[in-house]
Amino acid sequence: MHDHHVFLYDGDCAFCTTSANFLEKHVRTTARVVPWQWTDLDALGVTQEEAEAAVMWIEEHFQRSGPDAIAVLLRRAQWYWKPIGWVLSLKPVSWLAWPVYRLIARNRHRLPGGTAACSLPQAERDRLRGQQSGG
């Protein structure tokens, strides 16, 4: 069964997980908020590189990543989140949001709840865990 809406984040990153937990608790959304490591990326039409690079909003024939994904999530939430989502969707705001998002993403292993593993590409993480990534 195909999920209608999925919001992917990096399950290996404690900061990302904390943020996702906040979203799940406070933002009622139509999406399943899940770590990309737990999903069938092929079925979602997403590459591992895309999933590693930024959070993603995925629905049929439509996907957004990074701040644009967060904007869609907020626009589909309770009324008081919607204005934030709409503002974040505005081109000038979105253009400004991306460099900020990338800065946070690059430094997420230094953020509260973050771990050193967050900064490593997935292949390195798997190697450190001594696992072969099956699939």
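Cut-off values and rules
Residues numbered from 1 in each chain as written. Predicted model: local features only at pLDDT ≥ 70, side-chain atom pairs only at ≥ 80, totals over all residues. Heavy atoms only, no water. Core = buried A, V, L, I, M, F, W, Y, C linked by side-chain atoms within 4.5 Å. Buried < 20%, exposed > 50% of the residue type's maximum accessible area, 1.4 Å probe, protein only. Helix = DSSP H or I, 4+ residues; strand = E, 2+ residues; numbered from the N terminus. Contact = heavy atoms within 4.5 Å. Polar contact = N/O pair within 3.5 Å; in protein donor to acceptor, adjacent residues only side chain to side chain.

Moving on, we come to the nonpolar core. In terms of nonpolar packing, the biggest core is built from 21 residues, with F7, Y9, V27, V55, W57 and Y101 touching the most fellow members. Listing elements by their share of this core, those giving two or more residues are β1 (5–9), α1 (14–26), α4 (66–75) and α6 (91–106). Looking at which element gives the most residues to this core, the answer is α4, with four residues. Among residues more than four places away in sequence, those in contact with V27 are F22, L74, A77, Q78 and W81. Ranked by size, the runner-up nonpolar core spans ten residues in total, among them L41, L44, A51 and M56.

Glancing now at the side chain of D10. Residue position: D10 is located in the loop between β1 and α1. Judged by its relative accessible area of 4%, D10 is buried. Of the polar contacts made by the side chain of D10, one reaches the backbone nitrogen of D12; its length is 2.9 Å.

Counting through the fold element by element, E50 comes out in helix α3 (residues 48–53). Distance in space between the C-alpha atoms of E50 and S65 is 8.3 Å, their sequence separation being 15 residues. Excluding anything up to four places from it in sequence, E50 contacts G45 and M56.

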